[in-house]
Amino acid sequence: MSTDILHEVTQGDYKYGFTTDIETDIIPIGLSEDVVRLISAKKNEPEWMLEFRLKAYRHWLTMKMPEWAHLDIPKIDYQSIAYYAAPRKNAPQSLDEVDPELLKTFEKLGIPLHERMALSGIAVDAVMDSVSVKTTFKESLSELGIIFCSFSEAVEHHPDLVQKYMSSVVPYTDNFFATLNCAVFSDGSFVYIPKGVRCPMELSTYFRINAMNTGQFERTLIIADEDSYVSYLEGCTAPMRDENQLHAAIVEIVAMKNAQVKYSTVQNWYPGDKNGKGGIYNFVTKRGICKGENSKISWTQVETGSAITWKYPSCILLGDNSSAEFYSVAVTNHHQQADTGTKMLHIGKNTSSHILSKGISAGFGQNSYRGLVKINPAAENSRNFSQCDSLLLGDKCGAHTFPYMEVNNDTSIVEHEATTSKINEDQIFYCNQRGISTEDAVGLIVNGYAKEVLNQLPMEFAVEAQKLLQITLEGSVG
Amino acid sequence: MLEIKNLHANINGKEILKGLDLVVRPGEIHAIMGPNGAGKSTLASVLTGNQTFEVTKGEVTFYGKNLLELTPEDRSREGIFLSFQYPVEIPGVSMVNFMRTALNEHRKYKNMEPLSATDFLRIMREKKTLVEMDNKLANRSVNEGFSGGEKKRNEIFQMAMLEPRLAILDETDSGLDIDALRIVANGVNKLKRPDNASIVITHYQRLLEYIVPDFVHVLYDGRIVKTGGKELALELEDKGYDWIKKEVEENI
């Protein structure tokens, strides 16, 4: 039976495919030094920022797109992309000034931008295309000395912090996509948690790509000073588009002594249609540094969208006794491809890292886990435990695991476990026999499989993520 | 309630059921016995819509509805329950979540509102007591790490939750020690009502000491070849199946 049924239930359509009619301010397509200057000028940036962009742009010209990933990436013409788009209207001061069309879009996405937001205790720095539209809870956060604003505002109001930490984790020369981001990034979020402060709410950003042929180049910088704590949520959905869209973001996290940062992502960009036409290319560089002793960084990601995903949220464990975690669920359906995983670089003594990766492949999807665990000679008594599981739905999809380990001292312990399983017909029939449809059964089984990762998400996000897994793998039955 | 006429079914092109007839009325308990490979479990699979099997001929009606046209989930919602011989494990899915999903699907089918969390947990507590199921089991993932006996008890618990009109117990006694057997049988007896019925598939007479059948059928070579009262089970226990095989062959 079930290849047919599985085939059927995995043919769900993308449910968030709509666009809003907001006039956008787009720079002509193509990339040159003039375009970089134009972006910087549009944003009224100081000279040092322009210099940084130009330095990155010149370096980018010497680089080639990486080809080592287990991905089939169509040729990208970087001269046919528009590198900047912003909603035309000036930044609003209150909700009344926000474009009603935009509010409706957020409504459809279920983003609680007004009262519901206050109730759910989340501050949303909503990013529409490239410019921050509205930042909430800023005041109550600023009483604690917390800075949560758009990257542009940070450049304007907190240049010392930006200059000190920007590019300190991901250097401008890091990789092709990161370097491109350094040259043309449009906006993003900035977070600073001062010493000894525990951020009282989940900080959240919703991203959305919404202009034809517009590259999206976000930049996020999170700094957690000594003894501080912050949990940051990033979630995205994008409207349906025919043209492929490039997304090359950078996220940098700095955790000082005893600081803890928890970064959670639910990614649901348009994955392309059933035949693999369209969809977002998501080439992201995310990296954190546990700079101080006893610091901790935790990455949790639920990746259901994008046509191609190239993403390795990583940690540099520099401080002694620091620890890092990576929890991931990656789903590829139809013709989606994902090459995702993490890097854990152990430098300090007694550092520990934990990797839990759950891949789910359906349709013709290709899902690869790629991970590096590197223990430096000085990282005595370090520990790593990695577990990589793959679940296959149907017989035309693929799951691949590429774990790399480099252990350079003999006091450290590195463990790796991997499993591959197919969704079981008997499990589905068992659910059917209890009155549960095949579609719901797949949802139940997949959510059960991914539970350990979903449990890491903050409550509201976990519910959303569960729905998303179900929507991604189902939809056409019943 | 259930009427099976001249049922033929194949697996991978091999005919297993070869013209089976059976009528079950409300309030009755039917035992189906027979040697290995006679088609006992196939019957359970075909009635519940397992698509590994292909029905090639015959009719099955359940309260007048053509059962063979219904999806497996609709057969369940119509009130047919199968206690599996080998219940599967579903890692990560809690019994609470599983049962609540199932029960609410049944309610939706009957145009009833979903149960509130409080009501659901109350019903779950009641039914757990009924089948003497450990509290801890209900908080674990579906059948994950359950012993053979715990899995069977969990099947009866689910049956108690879903209150089927027709329960099919497929070798529920296999792998059970005598205490577990008694608990499972007690559960089944407590759930017995004038308006529901059971088909008990078993190899041994042992289970029928606890669940007393109204009819005992012998399934051999894909057909019911002999039907009697509960004393037929004792006779089979005593004499084995060979005399029946001989009888059948003589009739050909």
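Fair warning: this is a prediction, and the values are worked out from it, not measured in the lab.

Criteria and cut-off values
Residues numbered from 1 in each chain as written. Chains lettered and ligands numbered in written order. Predicted model: local features only at pLDDT ≥ 70, side-chain atom pairs only at ≥ 80, totals over all residues. Heavy atoms only, no water. Helix = DSSP H or I, 4+ residues; strand = E, 2+ residues; numbered from the N terminus. Buried < 20%, exposed > 50% of the residue type's maximum accessible area, 1.4 Å probe, protein only. Contact = heavy atoms within 4.5 Å. Areas by Shrake-Rupley, 256 points an atom, 1.4 Å probe, with all protein chains shown as cover. Phe/Tyr/Trp six-rings, centres within 6.5 Å; stacked < 30°, edge-to-face > 60°. Lys NZ or Arg CZ within 6 Å of the ring centre and 35° of its normal. Pairing = 2+ DSSP bridges. Arc of directions from axis to C-beta. Buried area = accessible area lost by both parts, 1.4 Å probe. Salt bridge = Lys/Arg side-chain N within 4 Å of Asp/Glu carboxyl O. Polar contact = N/O pair within 3.5 Å; in protein donor to acceptor, adjacent residues only side chain to side chain. Nonpolar A, V, L, I, M, F, W, Y, C, P; charged D, E, K, R; others polar. pLDDT = per-residue confidence, 0-100. Axes fitted to C-alpha atoms, helices over the stretch in contact; angles between N-to-C directions. Parallel < 35°, antiparallel > 145°, perpendicular 65-115°, else oblique. Left-handed = near helix turned anticlockwise from the far one by under 90°.

### Looking at the overall build of chain A
Move 1: For chain A, the count of helices and strands is 13 helices and 23 strands.
Move 2: Expressed as a percentage of its 478 residues, the buried residues of chain A come to 62%.
Move 3: For chain A, contacts bridging at least 24 residues in sequence account for 85% of all contacts bridging at least 6.
Move 4: Element-wise, carbon and sulfur atoms account for 49% of the exposed surface of chain A, whose accessible area totals about 17900 Å².

### As for the packing of aromatic side chains
When we look at a pair of aromatic rings, we describe it by the centre distance and by the angle of the planes.
Move 1: Applying the stated criterion across every chain, the model contains 22 aromatic pairs over all chains.
Move 2: Ring centres of A:Tyr430 and B:Phe84 lie 5.0 Å apart, and the angle between their planes is 45°; on these two criteria the pair is classed as tilted. In this pair, A:Tyr430 is assigned in helix α10 (residues 425-433) and B:Phe84 in the loop between β6 (80-83) and β7 (90-94), connecting two distinct chains.
Move 3: You can call A:Tyr430 buried: its relative accessible area is 1%.
Move 4: We classify B:Phe84 as buried; its relative accessible area is 11%.
Move 5: Taking NZ or CZ as reference, A:Arg53 lies 4.1 Å from the ring centre of A:Phe185, over its face.
Move 6: Positioned over the ring face of A:Tyr449 is A:Lys358, at 4.7 Å from the centre of the ring.

### Regarding the pairing of strand β15 (residues 308-311) of chain A
Residue and element names in this part refer to chain A.
Move 1: What you see with β15 is no split at all: Ile308 and Trp310 on one side and Thr309 and Lys311 on the other are buried throughout.
Move 2: In this structure, strand β13 (residues 280-290) lies alongside β15, joined through four bridges in parallel fashion. Paired with phenylalanine 283 across the strands is tryptophan 310, a residue of β15.
Move 3: In this structure, β15 lies alongside strand β18 (residues 337-346), joined through four bridges in parallel fashion. Its bridge partner being in β18, threonine 309 is matched across the sheet by alanine 338.

### Digging into helix α9 (residues 242-251) of chain B
All names here are of chain B.
Move 1: Looking at α9, one finds that the buried residues are Trp243, Ile244 and Val248. The buried residues of α9 occupy one face: seen down the axis, they fall within an arc of 140°. Projecting away from the buried face of α9 at angles above 90 degrees are the exposed residues Asp242, Lys246 and Glu250.
Move 2: Of the surrounding secondary structure, the elements contacted by the buried residues of α9 are β11 (215-220), β12 (223-228) and α8 (231-239).

### Here we look at the interface of chain A and chain B
Buried accessible area, meaning the area lost when the parts come together, often serves as the stated size of an interface.
Move 1: Contact residues are listed per partner, giving 20 residues for chain A and 31 residues for chain B.
Move 2: Sorting the residues of chain A by area buried against chain B places A:Phe429, A:Tyr430 and A:Arg434 first, and these three jointly supply 36% of that buried surface.
Move 3: At the boundary of chain A with chain B, the tally comes to one salt bridge.
Move 4: Here B:Glu155 and A:Arg434 are joined by a salt bridge, their closest N and O atoms 2.6 Å apart.
Move 5: The interface formed by chain A and chain B contains 14 residue pairs in polar contact (both at pLDDT 80 or more).
Move 6: Secondary structure elements with two or more residues in the side of chain A that touches chain B: α10 and α11 (438-449) of chain A.
Move 7: By residue number, the principal contributor to the side of chain A that touches chain B is α10(A), which donates seven residues.
Move 8: Here the residues of the side of chain A that touches chain B are counted per class, giving nine nonpolar, seven polar and four charged.

### Some points on the confidence of the model for chain B
All names here are of chain B.
Move 1: Within chain B, residue pLDDT values average 91, and 100% of them lie at 70 or more.
Move 2: Summarising per-element confidence for chain B, the mean pLDDT is lowest in helix α5 (residues 135-139) (77) and highest in helix α2 (residues 72-77) (97).
Move 3: Predicted complex metrics record ipTM = 0.95 and pTM = 0.81.

### Structural notes on helix α9 (residues 176-184) of chain A
Residue and element names in this part refer to chain A.
Move 1: Of all nine residues that make up α9, nine are buried, and the element is covered over most of its length.
Move 2: Restricting attention to buried positions, one finds in α9 the residues Phe176, Phe177, Ala178, Thr179, Leu180, Asn181, Cys182, Ala183 and Val184.
Move 3: A distance of 3.0 Å separates the backbone nitrogen of phenylalanine 177 from a side-chain oxygen at the start of α9, and that oxygen is part of asparagine 175.

### Observations concerning the side chain of A:Gln301
Residues and elements named next belong to chain A.
Move 1: Tracing the chain through its elements places glutamine 301 in strand β14 (residues 296-303).
Move 2: Relative accessible area serves as the criterion here: at 2%, glutamine 301 is assigned to the buried category.
Move 3: A polar side-chain atom of glutamine 301 sits 3.0 Å from a polar atom in the side chain of serine 328.
Move 4: For glutamine 301, the side chain forms a polar contact with the side chain of threonine 340, separated by 3.2 Å.
Move 5: Beyond its immediate sequence surroundings of up to four residues, glutamine 301 is in contact with Thr265, Lys311, Pro313, Phe326, Tyr327, Ser328, Val329, Thr340 and Val453.

### Considering the environment of B:Val88
Move 1: Turning to its location among the elements, B:Val88 is positioned in the loop between β6 and β7.
Move 2: Here the alpha-carbon distance between B:Val88 and B:Met33, two residues 55 residues apart in the chain, equals 24 Å.
Move 3: Dropping the residues within four chain positions of it, B:Val88 is found in contact with A:Asp426, A:Gln427, A:Tyr430, B:Val142 and B:Asn143.

### Let's talk about the packing of helix α2 (residues 33-42) of chain A against helix α3 (residues 47-60) of chain A
Residues and elements named next belong to chain A.
Move 1: As a packed pair, α2 and α3 sit with axes 10 Å apart at the nearest point and diverge in direction by 155°. The orientation of α2 relative to α3 falls into the category roughly antiparallel. In this structure, α2 meets α3 at a crossing whose hand is right-handed. Residue-level contacts link Glu33, Val36, Arg37, Ile39 and Ser40 of α2 to Leu50, Arg53, Leu54, Tyr57 and Arg58 of α3.
Move 2: Of the residues assigned to the contact of α2 with α3, the class counts are five nonpolar, one polar and four charged.

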